[in-house]
Amino acid sequence: MGKDVIIACDFASKADVMNFLDKFTDCKPFVKIGMELYYAEGPAIVKEIKARGHKIFLDLKLHDIPNTVKKSMAVLSHLDVDMTNLHASGTITMMQAGLEGLTRPDGTRPLLIAVTQLTSTSQERMEADLLINEPIDKVVMHYAKNAASAGLDGVVCSPLEAGKVHETCGEKFLTVTPGVRFADGDIGDQSRVMTPAQAKEIGSDYIVVGRPITAAEDPVAAYKRCVAEFVG
Ligand code: C5P
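Colleague: Residues and numbers for unusual backbone geometry, please.
Modeller: Even without being glycine, Thr 91 reaches a positive phi, approximately 90 degrees. Inspection of the secondary structure puts Thr 91 in the loop between β4 (83-87) and α5 (92-102). Here Thr 91 falls in the partly exposed class, since its relative accessible area comes to 43%. At Leu 131, a residue that is not glycine, the phi angle is positive and equals roughly 60 degrees.

Written out as structure tokens, the structure is:
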């Protein structure tokens, strides 16, 4: 599995996402479909974008009892996406159930990636709200190890954590990293960011890039710049 740039298609409607994808006439980027678009348009939007030739990361972050996650993943496996995810905090048993559900009768399946601690969760909130009193980076590495032992393919993490995740879980364990910005671009609401070139240097396997591409004056040029910096 080679390095790639995944565009976060955080649009609220089919019209908006298709208008955006229509600009890509000479390439078919890997795209991320999240909860907003999926809940607005349903599974049909996934099938339609797939039929246009894009690889898809379906970012629905499942978290429920193992049986429910298993059955839901079995449904998602029919959508023929390339990557999907769940919360590592649902336990190793839940992750194993998700993996089982996602595996099709012929043994094939999309990549399954775990969310560790959300980057929006601070040390303070984790301690006060979740009663987890360990340092957050230790919690992230522990969840990554749990995901690896459940047989998952990797984790979503900050690019700053990608090197340590590889050290802890092995080079083949995938790191999918949002929080990427061009050196001369706006940070927006992200706080700990890296450029595509820095993410490459530190060993991210996939970078997830939203607004630096979707809000660019020339999204295709911004995408190609990301690919040039990250994939080389
Ligand atoms: O626009 P931007 O590049 O900030 O988009 C990043 C994408 O990655 C968004 O879809 C966001 O929800 C997602 N994401 C993130 N941080 C995480 C997990 C997911 O920014 N920890």
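Colleague: Mind laying out the packing of aromatic side chains, listing which residues take part and the relevant values?
Modeller: Inspection of every chain in the model, using the stated rule, returns 5 aromatic pairs. Geometrically, the ring pair formed by Phe 11 and Phe 20 is tilted, given 5.2 Å between the ring centres and 45 degrees between the ring planes. Accessibility assignment for this pair places Phe 11 and Phe 20 in one class, buried. Cluster of aromatic residues (ring-pair linked, three or more members): Phe 11, Phe 20, Phe 24 and Tyr 223. A cation sits over an aromatic face here: Arg 225 above Phe 182, 4.1 Å from the ring centre.

Colleague: Which residues make up the sheet that holds strand β3 (residues 56-62), and what values do they have?
Modeller: Neighbouring strands of a sheet are bound in pairs by backbone hydrogen bonds; such pairs are parallel or else antiparallel. Around the barrel, which closes on itself, the 8 strands sit in the order β1-β2-β3-β4-β5-β6-β7-β8 with parallel pairing between neighbours. Mean inter-strand twist for the sheet, computed between neighbouring axes without regard to direction, equals 25 degrees. Sheet analysis places β4 next to strand β5 (residues 111-115), joined by 5 bridges and oriented parallel. Bridging from a neighbouring strand, Thr 84 pairs with Leu 112 of β5. Packed onto the sheet, helix α11 (residues 219-230) meets β1 (4-8) and β8 (206-209) and runs at close to 145 degrees relative to β1.

About the cut-offs
- Residues numbered from 1 in each chain as written.
- Predicted model: local features only at pLDDT ≥ 70, side-chain atom pairs only at ≥ 80, totals over all residues.
- Heavy atoms only, no water.
- Helix = DSSP H or I, 4+ residues; strand = E, 2+ residues; numbered from the N terminus.
- Buried < 20%, exposed > 50% of the residue type's maximum accessible area, 1.4 Å probe, protein only.
- Phe/Tyr/Trp six-rings, centres within 6.5 Å; stacked < 30°, edge-to-face > 60°.
- Lys NZ or Arg CZ within 6 Å of the ring centre and 35° of its normal.
- Pairing = 2+ DSSP bridges.
- Axes fitted to C-alpha atoms, helices over the stretch in contact; angles between N-to-C directions.
- Contact = heavy atoms within 4.5 Å.

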